[in-house]
Amino acid sequence: MSYIGRFAPSPTGPLHFGSLVAALASWLDARTARGTWLLRMEDLDKPREQPGAADLILRQLDALGLHWDGSVLYQSAREAAYAAALERLEARGAIYACGCTRSEMADSALAIDGARIYPGTCRGGLTQGKAARATRLRTTSEPIGFVDRVQGEIVQSLETEVGDFVLRRADGLIAYQLAVVVDDADQGVTDVVRGADLLDSTPRQIWLQRLLGYPMPRYLHVPVAVNAAGEKLSKQTGAMPVDDRPHAELLAQALAFLGQRAPAGLTARELLEWSLANWNVARIARVRTLAATP
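Position numbers for residues count from 1 along each chain, tracking the sequence in the order it is written. At least 70 in pLDDT is required for a residue's local features to be given in this predicted model, at least 80 for side-chain atom pairs to be given and counted, and no such filter applies to totals for whole chains, interfaces and linings, which use all residues. With hydrogens and water stripped out, all remaining heavy atoms of the structure feed into the side-chain values.

Draft legend 1. Expanded view of the side chain of Glu-42. The secondary structure listing takes helices from DSSP runs of H or I that are at least 4 residues long and strands from runs of E that are at least 2 residues long, numbered from the N terminus. Secondary-structure assignment places Glu-42 in the loop between β2 (36–41) and α2 (53–64). If near-sequence neighbours (up to four positions away) are discounted, Glu-42 is found in contact with Ala-8, Pro-9, Ser-10, Pro-11, Gln-75, Tyr-176 and Val-180. Note on contacts: a residue pair qualifies if any of its non-hydrogen atoms lie within 4.5 Å across the two residues.

Right, dumping it as structure tokens:
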């Protein structure tokens, strides 16, 4: 099977070093496999979207030499595909309406990702006086595991560690977990390369793939770049856009972060050429977070 990879940023701001690391790893893995590299804009959450950020990200990737194949896919144009997937799940009794609010779940145990484990209040139907708010997916105690190409074996019991999770939010928006699974399947993605902050979401996505009859891609989760305080680099933590530094300097730092030590003094183009000839996944640190050096 031909390799098909993808980079799927959210247009909540410009590319920064952390998102560049994920983009570069994904691009290199696809290109060294002589595969296709797709670009998908995860623009479902309109309240969080920054005007003009999607176009800016495209310009930044292009300027860095990370060129993609084909047209950009925008999730905001994919509502019909997500609705069809929900209908399929409903037909097999895999989803149900939930009327619980966040405050009602405040005493629930914490899941591995810091969210609250849903206690199953509405699993048997809405209680009297409750109106449907969100749509949840039923989980089971069956362990779901996979072998990540960097992080190794990951095993999770969704029912006990996550609980029945949301596929359609109370505000009507489709949740990330469903959208990413449907999009990856429809685009024929064979390999997902992304940050390790999404590692704990992967078993949820595998469970959805099984229920919808989709193939499971291979996964590779690179360390997440964090600042000196241990915070993930983001717009909220003051991460600087990639435009603010020379491209050769940025690419060299990103490659070093990924364990790929390039010779000094190369131009941005020469760095990409070197990295294509020397990409080695085994050199990536097997950790979830890694400090980004200035």
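Draft legend 2. Examining the packing of helix α5 (residues 176–186) against helix α6 (residues 202–212) more closely. At a minimum axis separation of 9 Å, α5 and α6 run at an interaxial angle of 55 degrees. Comparing the axis directions of α5 and α6 gives the class oblique. Crossing of α5 over α6 shows right-handed handedness. Contacts from Tyr-176, Gln-177, Leu-178, Val-180 and Val-181 in α5 reach Arg-204, Gln-205, Leu-208, Gln-209 and Leu-212 in α6. All axes here are fitted lines through C-alpha atoms, helices being fitted over the stretch that makes contact, and every angle between N-to-C directions spans 0 to 180 degrees. Should an angle fall under 35 degrees it is called roughly parallel, over 145 degrees roughly antiparallel, and 65 to 115 degrees roughly perpendicular, with every other angle called oblique. Handedness of a helix crossing follows the sense of rotation of the near helix relative to the far helix, less than a right angle counterclockwise being left-handed and clockwise being right-handed.

Draft legend 3. Inspection of the nonpolar core at higher detail. As used in this record, nonpolar core signifies buried Ala, Val, Leu, Ile, Met, Phe, Trp, Tyr and Cys residues forming a set joined through side-chain atoms within 4.5 Å. Exposure classes here rest on a 1.4 Å probe applied to the protein chains alone. A residue is buried below 20% of its type maximum, exposed above 50%, and partly exposed in between. By size, the foremost hydrophobic cluster in this structure holds 41 residues, and its most contacted members are Phe-7, Phe-17, Leu-24, Leu-61 and Leu-66. Breaking this core down by element, the ones donating at least two residues are α1 (17–32), β2, α2, β10 (218–222), α7 (247–257) and α8 (268–278). The element that contributes the greatest number of residues to this core is α1, accounting for ten residues. Leu-24 has contacts with Leu-66, Leu-251, Ala-254, Leu-255, Leu-258 and Leu-272, leaving out every residue within four places of it along the chain. Leu-89, Ala-179, Val-182 and Leu-208 belong to the second-largest nonpolar core, a separate cluster that totals 32 residues.

Draft legend 4. Highlighting the pairing of strand β6 (residues 143–148). Burial along β6 is one-sided: Ile-144, Phe-146 and Asp-148 are buried, while Pro-143, Gly-145 and Val-147, pointing the other way, are not. As paired strands, β6 and strand β7 (residues 152–157) are joined by six bridges and run antiparallel to one another. Counted as the bridge partner of Val-147 is Glu-153 from β7. Between any two strands, at least two bridges found by DSSP are needed for them to pair. Counted between consecutive antiparallel strands, the loop separating β6 from β7 contains three residues.

Draft legend 5. Structural view of the pairing of β10. For β10, the buried fraction is high: four of the five residues fall into the buried class. Note: strand β9 (residues 191–195) against β10, five bridges, orientation parallel. When the bridges of β10 are listed, Val-192 appears paired with Tyr-219. Orient the strands so they point away from the viewer, and a crossover whose first-strand-to-second-strand path over the helix runs clockwise is right-handed. Since β9 and β10 lie parallel, the crossover through α6 that links them has a hand, and here it is right-handed.

Draft legend 6. Region of the structure containing the environment of Arg-269. Of note, Arg-269 is situated in helix α8. For the pair Arg-269 and Ala-248, spaced 21 residues apart in sequence, the C-alpha separation works out to 7.9 Å.

Draft legend 7. Molecular detail of the sheet that holds strand β3 (residues 73–74). Pairing in this open sheet of three strands is parallel, and the strands run β1-β2-β3 from one edge to the other. Edge positions in the open sheet fall to β1 (4–7) and β3, since each of these has one partner strand only. Its contacts with the sheet place α2 against β1, β2 and β3, and it is angled at close to 155 degrees to β2. Its contacts with the sheet place α5 against β1, β2 and β3, and it is angled at close to 145 degrees to β2.

Draft legend 8. Local environment of the sheet that holds strand β4 (residues 95–98). Ordered in space as β4-β5-β8, the three strands form an open sheet in which the pairing is antiparallel. Since the sheet does not close on itself, it has two edges, and those belong to β4 and β8 (165–168), each with one partner. Ignoring which end each strand starts from, the neighbouring axes of this sheet average 45 degrees apart. Where α6 meets the sheet, it contacts β5 (134–137) and β8, and its direction lies at approximately 60 degrees from that of β8.

Nothing here speaks to function; it is all geometry.
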